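If you want the building blocks of each chain, they are given just below.
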Amino acid sequence: MGNASSIEPTKTIFLDIDGKKEKIMFSRHCGTRDIHDLIAHAAGVSRYAEISLKDSTGAFVSLNPTMPINTQSSPYKVTSKEPSPTTESSNGDGEVFTQVLSQVASQFNKVFKVEEIKTDIATRLSALERKMELEGLKAVEIEKCKRDISDIKDQIWNAQKKFVDFNRLSNETQADSGETQTPSSLSDERKISLKRDVPSYPKYTLSQETIEYLKQPTFDIWHWEPNEMLSLLEHMFHELGLVAEFNINPITLKRFFLCVQENYRNNPFHNFRHCFCVTQMMYGMIHLCHLWEVMTREDLGILMTACVCHDLDHPGYNNTYQINARTELAIRYNDISPLENHHCAVAFKILSNPECNIFANVDKDTFKRIRAGITMLILATDMARHGEIMDNFKMKLEPEFDYKNKDSLDTGMLQLILATDMARHKEILDALQNNIKKFEWDNKSHMDSLKMVLIKCCDISNEVRPMEVSEPWVDCLLEEYFNQSDREKMEGLPVAPFMDRDKVTKPTAQIGFIKFVLIPMFETVAKLFPVIDSTMVEPLRIARDRYEDMKEKNSMPPPPSQSNKKKTVTEK
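Residues numbered from 1 in each chain as written. Predicted model: local features only at pLDDT ≥ 70, side-chain atom pairs only at ≥ 80, totals over all residues. Heavy atoms only, no water.

Description of a nonpolar patch on the surface
Put simply, the rule reads: Only residues whose relative accessible area exceeds 30% and that form no salt bridge are eligible for patches; like-charged ones are grouped when within 9 Å, while nonpolar side chains (Val, Leu, Ile, Met, Phe, Trp, Tyr) are grouped when within 5 Å. To be clear on the numbers: accessible area is Shrake-Rupley with a 1.4 Å probe, and residue cover counts the displayed protein chains and nothing else. For this document, the term salt bridge refers to a Lys or Arg side-chain nitrogen within 4 Å of an Asp or Glu carboxyl oxygen. Under the DSSP-based scheme used, a helix requires at least four consecutive residues in state H or I and a strand at least two consecutive residues in state E, with every element numbered from the N terminus.
A cluster of nonpolar side chains, namely Ile117, Ile121, Leu125, Leu128 and Met132, defines an oily patch on the protein surface of about 480 Å² accessible area. Following the sequence through the fold, Leu128 ends up in helix 3 (residues 114-160).

Focus: the environment of Leu63
Selection rule: The rule is simple: take the accessible area with a 1.4 Å probe, protein chains only, and divide by the maximum for that residue type; under 20% is buried, over 50% is exposed, in between is partly exposed. Residue contacts are defined here by distance: any two heavy atoms, one from each residue, within 4.5 Å place the two residues in contact.
Along the chain, Leu63 turns up in the loop between strand 4 (60-61) and strand 5 (76-81). Residue classification places Leu63 among the buried positions, given a relative accessible area of 16%. A C-alpha to C-alpha distance of 7.1 Å links Leu63 and His36, two positions 27 residues apart in sequence. When neighbours within four sequence positions are excluded, Leu63 is seen to be in contact with Thr32, Ile35, His36, Ile39 and Leu53.

Looking at the pattern of salt bridges
One pass over the structure, following the stated rule, counts 25 salt bridges. Of the charged contacts in the structure, one is a salt bridge between Lys215 and Glu212, with a shortest N-O distance of 3.7 Å. Its relative accessible area of 18% is what places Lys215 among the buried residues. Owing to a relative accessible area of 36%, Glu212 belongs among the partly exposed residues under this scheme.

Here we look at the sheet that holds strand 5
Selection rule: By this definition, two strands are paired if DSSP reports at least two bridges between them.
Pairing is mixed across the open sheet formed by five strands, whose spatial order is 2-1-5-3-4. Across the chains shown, the open sheet's two edge strands, defined by having one partner strand only, are strand 2 (20-27) and strand 4. With five bridges joining them, strand 3 (residues 50-54) and strand 5 adopt antiparallel strand pairing. Bridging from a neighbouring strand, Leu53 pairs with Val78 of strand 5.

Brief notes about the UniProt feature "binding site: AMP" (unreviewed entry) in the protein
Where we set the bar: UniProt positions are given in the numbering used here, feature names are shortened, and annotations may be inferred rather than shown by experiment.
UniProt's entry tags His270, Asn271, Phe272, Arg273, His274, Asp311, Asp459 and Gln510 with the feature "binding site: AMP" (unreviewed entry), counted in the numbering of this structure. Secondary-structure assignment places His270 in the loop between helix 8 (250-262) and helix 9 (272-288). According to the relative accessible area criterion, His270 is buried, its value standing at 15%. As for its position among the elements, Arg273 is in helix 9.

Let's talk about the packing of helix 20 (residues 506-526) against helix 21 (residues 531-555)
Let me state the cut-off plainly: A fitted line through C-alpha atoms represents every axis, and for helices the fit uses only the stretch in contact; the resulting angles, taken between N-to-C directions, go from 0 to 180 degrees. For classification purposes, an angle smaller than 35 degrees is called roughly parallel, one larger than 145 roughly antiparallel, one from 65 to 115 roughly perpendicular, and anything else oblique. Left-handed describes a crossing whose near helix is turned anticlockwise from the far helix by less than a right angle; the clockwise case is right-handed.
Helix 21 packs onto helix 20 with a crossing angle of 160° between their chain directions and a minimal axis gap of 9 Å. Put simply, helix 20 runs roughly antiparallel to helix 21. Helix 21 is crossed by helix 20, and the crossing has left-handed handedness.

Looking at the packing of aromatic side chains
The condition is simple: Any two rings among Phe, Tyr and Trp, with Trp reduced to its six-membered ring, count as a pair given centres within 6.5 Å; such a pair is stacked if its planes are under 30 degrees apart, edge-to-face if over 60, and tilted if neither. Should the NZ of a Lys or the CZ of an Arg lie within 6 Å of a ring centre and within 35 degrees of the ring normal, that charge is described as sitting over the ring.
For the coordinates displayed, the defined rule picks out 15 aromatic pairs. Relative to Trp441, the ring of Phe439 has its centre 4.9 Å away and its plane inclined at 70°; by these criteria the two rings are edge-to-face. For Phe439, a relative accessible area of 3% puts it in the buried group. Trp441 gets classed as partly exposed once you look at its relative accessible area, which sits at 33%. Here a set of aromatic residues connected by ring pairs shows up, and it is made of Tyr213, Phe219, Trp224 and Phe276. A cation over an aromatic ring shows up here: Arg546 above the ring of Tyr547, its NZ or CZ 5.0 Å from the ring centre.

Details of unusual backbone geometry
Note: most residues except glycine have negative phi, and most peptide bonds are trans. For Asp313, which is not glycine, the phi dihedral falls at a positive 60°. The topology assignment puts Asp313 in the loop between helix 10 (297-309) and helix 11 (319-324). With a phi close to 65°, Asp335 is a non-glycine residue in the positive phi region. Mapping Asp335 onto the fold places it in the loop between helix 12 (328-332) and helix 13 (338-351). Residue Asp335 is classed as partly exposed on the basis of its relative accessible area of 42%.

Remarks on the confidence of the model for the protein
Detail in the predicted coordinates should be disregarded across regions flagged by low pLDDT. To keep things clear, this is the line we draw: pLDDT runs from 0 to 100 and stands for how confident the predictor is about each residue.
Per-residue confidence for the protein gives a mean pLDDT of 83; residues scoring 70 or more make up 80%. In this model residues 565-572 is a low-confidence stretch, pLDDT under 50, and it forms one contact with partners more than four residues away in sequence or in other chains.

Printed below as a string of structure tokens:
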């Protein structure tokens, strides 16, 4: 049994809460916080409120189990104050909480090795990306094997038919007899395959400065090695959204550019660097003129791919030589743009290989449009068609004029004289703007004409670049011209004066070309895109003036020597 000492005595305290009488009872073993909470409950405030007690004399009473006992007639007056969220104590609690949280996070990192886990995850992700890349390679290899099996079957079938290829026998006979075939005797009926694979050139990380510089017409193409040019081409296709547009396998894109590079010959001018130069200028014009605002991504892809392929397998001898020498290409294409037709054929030979076909994932109708567009643009680079293409483009920009009608001519002359009145300045400029608006951006014929002129601009745009970039190209072109003219003289063929090393100089070769071909063409395009006038036409005018000064200095007689001067003085 228990005894009386085991019963804990309780303490009763009487309270005055806003005039209401209350009492609380607690054990002497209660804590201060327990008493605080008990009074807060009785007062109807939160446990976080500040509570103070005063006796009948106004003295504060300590809130603890040893506080003096009072009577019902002399209760303790209760004063409470709810805490404010903006008080300093709250701020202090927030700072303490932040410090505690920081320490917990630090301890958490140490215990669970978060940084090591992040590094491990990054490593695993890189390995996974590499694995996916290898899987993509395997898929392309499977397609390649299927194609090779199909070719082997065709070879077996031809052998069973006992087919005799007299052209091949003729070539073998020539080789056996020691005859040398001319490099212009080309054939586009051959299988094109990669000589090396993707790992042969490393990945390059382009700086932001290079990325922005790549969009400029002033880009210096002489500072880049072939593998670097491949990476820059790859960047252009990614940045323009062409990889996403055509759903191109990145490995296939790399192989396509590799195969293109291998099928450009080591000519002085028409080589892979020229291909890169033309493609970079097109990329620059796309950004300069914001062509994505008036063209589809498909059109941009056609423009870029046509630039990449526009001089594939160029032999270094132009169409005039092909036709005059009656080469195989001239015969095959009936003297109609033999080289340009050959470039197209080689381009689509490359695309016919599954490991290089960047358009493998588009539907048939889309590929049909792409093929027609690329063919149209490459054929447009034949300078024999320059006048035809430019006249067609100007007709879409300017109103038609009947040059054979005398009344039209008289009216035209009168309008020119009256146009000199400055009071009509605004009227004439508005009329010019209306003529420009005649170009129909949604008209396929108009857009095709524009795209043909754009690739022509890029193909012969070297003089748009700074002198230190453009002048070496003139030397390369003259070297190729002189090689052809020497061969034409040796074979008794006609020689063009602008290719004859005994007649042409650098200034004479460039002045006429800049004045009568380049400037008029770029000025015409500037009617649609005025920004071209300052960025491209003005550098052409500067180049023209520089070559005219060079010509004038070369034509000046040399100054008399000192000995001749002394002799003249003595005779006098």
